[in-house]
There are 2 protein chains.
Amino acid sequence: MTTHDAQTPRSRTRSHGGSSRPTIRDIARAAGVSVATVSRVTHDDPRVAGETKDRVREAIDRLGYTPSSLGRALSYQRTNTLGIVLPGLGGPYFAALIEGAESVAVERGVAINVLGTHLRPDAVASVRQLAERTDGLIIAGGTVPDAEIARLAAAGRVVVVAGESDDAPAVLTDGRSAAAELTRHLIEVHGHRRLSFVGEPAGSPDTTLRYEGFRDALREARLDEAGEPLRYGLDVRSGALAARQVHESALPDALVCANDELAIGLLATLPGLGHRIPQDVAITGFDDQSLAEIASPRLTTVHQPVAELGARAAAGALGETLDPRTVLPTRLVIRESCGCAADPEAITD
Amino acid sequence: MTTHDAQTPRSRTRSHGGSSRPTIRDIARAAGVSVATVSRVTHDDPRVAGETKDRVREAIDRLGYTPSSLGRALSYQRTNTLGIVLPGLGGPYFAALIEGAESVAVERGVAINVLGTHLRPDAVASVRQLAERTDGLIIAGGTVPDAEIARLAAAGRVVVVAGESDDAPAVLTDGRSAAAELTRHLIEVHGHRRLSFVGEPAGSPDTTLRYEGFRDALREARLDEAGEPLRYGLDVRSGALAARQVHESALPDALVCANDELAIGLLATLPGLGHRIPQDVAITGFDDQSLAEIASPRLTTVHQPVAELGARAAAGALGETLDPRTVLPTRLVIRESCGCAADPEAITD
DNA sequence: CTGAAAGCGCTAACAG
DNA sequence: CTGTTAGCGCTTTCAG
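Residues numbered from 1 in each chain as written. Chains lettered and ligands numbered in written order. Predicted model: local features only at pLDDT ≥ 70, side-chain atom pairs only at ≥ 80, totals over all residues. Heavy atoms only, no water.

### Overview of the overall build of chain A
Move 1: Helix and strand counts for chain A stand at 13 helices and 11 strands.
Move 2: At 27 Å, chain A has a C-alpha radius of gyration far larger than the 20 Å of a compact globule built from 349 residues.
Move 3: The C-alpha extent of chain A, read off along each of the three principal axes, is 90 × 50 × 35 Å.
Move 4: Sorting the 349 residues of chain A into buried and exposed places 48% on the buried side.
Move 5: The long-range share in chain A, meaning contacts at least 24 apart out of those at least 6 apart in sequence, stands at 68%.
Move 6: In the form shown here, chain A has an accessible surface area of approximately 16,300 Å², with 50% of it arising from carbon and sulfur atoms.
Move 7: Charged side chains of chain A number 37 positive and 46 negative; the gap between the two group centres comes to 9 Å. (Helix = DSSP H or I, 4+ residues; strand = E, 2+ residues; numbered from the N terminus. Rg over C-alpha atoms; globule rule 2.2 N^0.38 Å. Buried < 20%, exposed > 50% of the residue type's maximum accessible area, 1.4 Å probe, protein only. Contact = heavy atoms within 4.5 Å. Areas by Shrake-Rupley, 256 points an atom, 1.4 Å probe, with all protein chains shown as cover. Lys, Arg positive; Asp, Glu negative; His and termini not counted. Charge placed at Lys NZ, Arg CZ, Asp CG, Glu CD.)

### Section: the interface of chain A and chain B
Frequently, the measure chosen for interface size is the accessible area removed from exposure when the parts meet.
Move 1: Contacts between chain A and chain B engage 52 residues on the former and 51 residues on the latter.
Move 2: Together, the buried faces of chain A and chain B total about 4,300 Å²; carbon and sulfur atoms form 49% of this surface.
Move 3: Here chain A and chain B share two salt bridges between them.
Move 4: R237 of chain A serves as the salt-bridge partner of E293 of chain B, at 2.9 Å between the closest nitrogen and oxygen.
Move 5: The interface formed by chain A and chain B contains 10 residue pairs in polar contact (both at pLDDT 80 or more).
Move 6: Elements with a minimum of two residues in the side of chain A that touches chain B: α4 (69–76), α5 (92–107), β2 (111–116), α6 (123–132), α7 (146–155), α10 (236–248), α11 (260–269) and α12 (290–294) of chain A.
Move 7: A total of six residues in the side of chain A that touches chain B trace back to one element, the largest contributor, which is α4 of chain A.
Move 8: Grouping the constituent residues of the side of chain A that touches chain B by class yields 18 nonpolar, 21 polar and 13 charged. (Buried area = accessible area lost by both parts, 1.4 Å probe. Salt bridge = Lys/Arg side-chain N within 4 Å of Asp/Glu carboxyl O. Polar contact = N/O pair within 3.5 Å; in protein donor to acceptor, adjacent residues only side chain to side chain. Nonpolar A, V, L, I, M, F, W, Y, C, P; charged D, E, K, R; others polar.)

### With respect to the domain arrangement of chain A
Residues and elements named next belong to chain A.
Move 1: Under the domain assignment, chain A is made up of domain 1 (9–67), domain 2 (79–172 + 307–328) and domain 3 (175–304 + 331–338).
Move 2: Using only C-alpha atoms to locate each centre, domain 2 and domain 3 end up separated by 28 Å.
Move 3: Between domain 2 and domain 3, the residue contacts involve six residues of the former and seven residues of the latter.
Move 4: For the pair domain 2 and domain 3, the summed buried surface comes to about 580 Å²; carbon and sulfur atoms form 57% of the total.
Move 5: Here domain 2 is connected to domain 3 by zero salt bridges.
Move 6: On inspection of domain 2 and its partner domain 3, the count reaches zero residue pairs in polar contact (both at pLDDT 80 or more).
Move 7: Within the side of domain 2 that touches domain 3, the residues separate by chemical class into three nonpolar, three polar and no charged. (Domains from an automatic or database assignment.)

### Some details on the sheet that holds strand β8 (residues 282–284) of chain A
Strand-to-strand pairing in sheets goes through backbone hydrogen bonds, with the strands running parallel or antiparallel.
All names here are of chain A.
Move 1: One open sheet accounts for three strands, arranged β6-β7-β8; its pairing is parallel. Looking along the sheet, the strands with just one partner apiece sit at the ends: β6 (195–198) and β8. Averaged over all pairs of adjacent strands, the angle between their axes in this sheet comes to 20°, without regard to strand direction.
Move 2: Direction of pairing for β6 relative to strand β7 (residues 254–257): parallel, over a ladder of four bridges. Bridge assignment links V198 to a residue of β7, and that residue is C257.
Move 3: The strands touched by helix α9 (residues 205–220) within the sheet are β6 and β7, with β6 carrying the most contacts at an inclination of about 175°. (Pairing = 2+ DSSP bridges. Axes fitted to C-alpha atoms, helices over the stretch in contact; angles between N-to-C directions.)

### Here's the deal with the pairing of strand β5 (residues 170–173) of chain A
Residues and elements named next belong to chain A.
Move 1: Going residue by residue along β5, you find A170 and L172 tucked away on one face and V171 and T173 tucked away on the opposite face as well.
Move 2: Pairing analysis gives two bridges linking strand β4 (residues 157–161) to β5, with the strands arranged parallel. Paired with V161 across the strands is V171, a residue of β5.

### Structural notes on the relation of the copies chain A and chain B
Move 1: When chain A is brought onto chain B, the operation consists of a screw motion whose angular component is 180° and whose axial shift is 0.1 Å, with 0.1 Å RMSD remaining. Those values place the two copies in the arrangement expected of a two-fold rotation axis.
Move 2: Taken together, the interface assignments show that 96% of the residues at the interface of chain A recur at the interface of chain B, consistent with an identical surface on both copies. (Least-squares fit on C-alpha atoms with pLDDT ≥ 70 in both.)

### As for the environment of D26 of chain B
Residue and element names in this part refer to chain B.
Move 1: Note that D26 resides in helix α1 (residues 24–31).
Move 2: Residue D26 is classed as buried on the basis of its relative accessible area of 18%.
Move 3: Along the primary structure D26 and Y65 are separated by 39 residues, whereas in three dimensions their C-alpha atoms are 9.0 Å apart.

Written as structure tokens, this is what we have:
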């Protein structure tokens, strides 16, 4: 009954009655203590006495109070939240990345906040917003202009994942070497000579690297690309589209796809168009998602530790010091879509 | 120069020097105006004069100031953020749901905040946290206990998507009828008698409904289920597992799968085990993701307006009034995995 | 062991 | 047209 009816300049009707959540002040009043005491109780501060503590606890339970994380954030200058910026949420790749980050976030008690830019032009604004609401930021390569990354990195903790940056530590894989190794397999083991790349390098650093690796291998073997890359998106549907294009022009010996989903699209569509895989054309993927193993023929691809990428990045974004460039190992996974014989152990019949 | 050096009780070293972001006060000082004026400028308040405005603008640009959304949120009592609670982020279904919600969020200028509960036991705490940081909440059916939904709904705007609730408006499809219709097709058109359901009803309201619809149709036709449901998860990999189980026991006439991914897993694995689809066994999916059309044979399934579900839910969570129960229409999509002949128009050769 | 009060960044009513 | 100031919900120093 200290501060009561005498309406204050901007008397906010709310102190009593609204269905709004109770504040620390409501609890203090109900328990007959000061807000400081309530705050202490919510923090298990040992300095608050048994009887008082019980009274406060009771009031908290009765009114259903939970401290506002907004208020806390403002006071702490820390939000206990990790932000992740991705091009989109579709597909298993990003899901895995998020899960990796989540695993470390959970054990540190921080919430996660994902933003899909979808190549929207106003994405930068959203990213800035996100940056403010988080203690750290994971940014997927290609989603945010370099200048903006520099700006964000200057203001807070940011780490780039699956990409490079001069301004922030990056965690990535060596997609270029991996793609080269994969392509070499196609050339050296299977003797393919006419190879095409499927994927759109522009805008995706990952795809660019893979395309470069592909070309590295061709160059080593003194081979020419069988035409321009087939510029398609990274999803299954695009793969199906690519299949039609391939079908309508000359079929190369092998198609090196920018990721598994694209490869699956080809894999599923080409047979219906009369082309056998791998006899008529070999196909490879990249990432080693679960689809790769399910497909038939099973997909030869490159395994990437995607969840691990996410986890490392999260740790970094949350304060662990990171090398400017952490590169995680990939592994070539040979299955049958390249023309290799089925691993006898795979036929578990 | 009003409030100056006289160190305040708790002189926070920061006002000058830290690499921290500038605050509204820094701008005010730099431009020689009051914070109110700065605030007005950031709001394009017409009341601020040309010359002053320019000075403030200049300071803002020079120091790289952006208003803290945390501070704003606290003052506005509104965060301009929409929360979405899902079981997980994997799979095209949730990606589509999010995109639907995103589309309406974007046009209203609100940020989106996704939380994957992953069936974690402490998920409730995360959800509460999220609730505080958002103006509205979209909750996927089965992710949060009913009691908690009631609690959240009492405190703020929440809408349940792909599920039901007594305490919050729901937007959903009639999965039960759709599943029944699909199953009837299998029975009446193809004459199948021994049908099994693939999916785990427990924990997923969606799956439960589909299973019930499946049984409704069997009952109408006076048929018995060909054994218990095959309890598997909703992803492709689980489908592959289910395929082995089916293979090792007796093959039914048809397998009605809880979603497309599961069906694709079966579809891709069964042929390798020596079973032709649809000759030896018919398979159907649910959702009509892009994979359904790519698969071979193409998947007979039920189309759901997933993005639309997300969009409606978002509108509701953002303040639009919603019926207690909005049910969106589904559509049976007949392709070849059920045994129907290929639509001639599909062979675009 | 507890309370008063300043301050986190911002907005808006009110006064000038 | 501009400044002062209380207040949003919370934490924490400093007194008592």
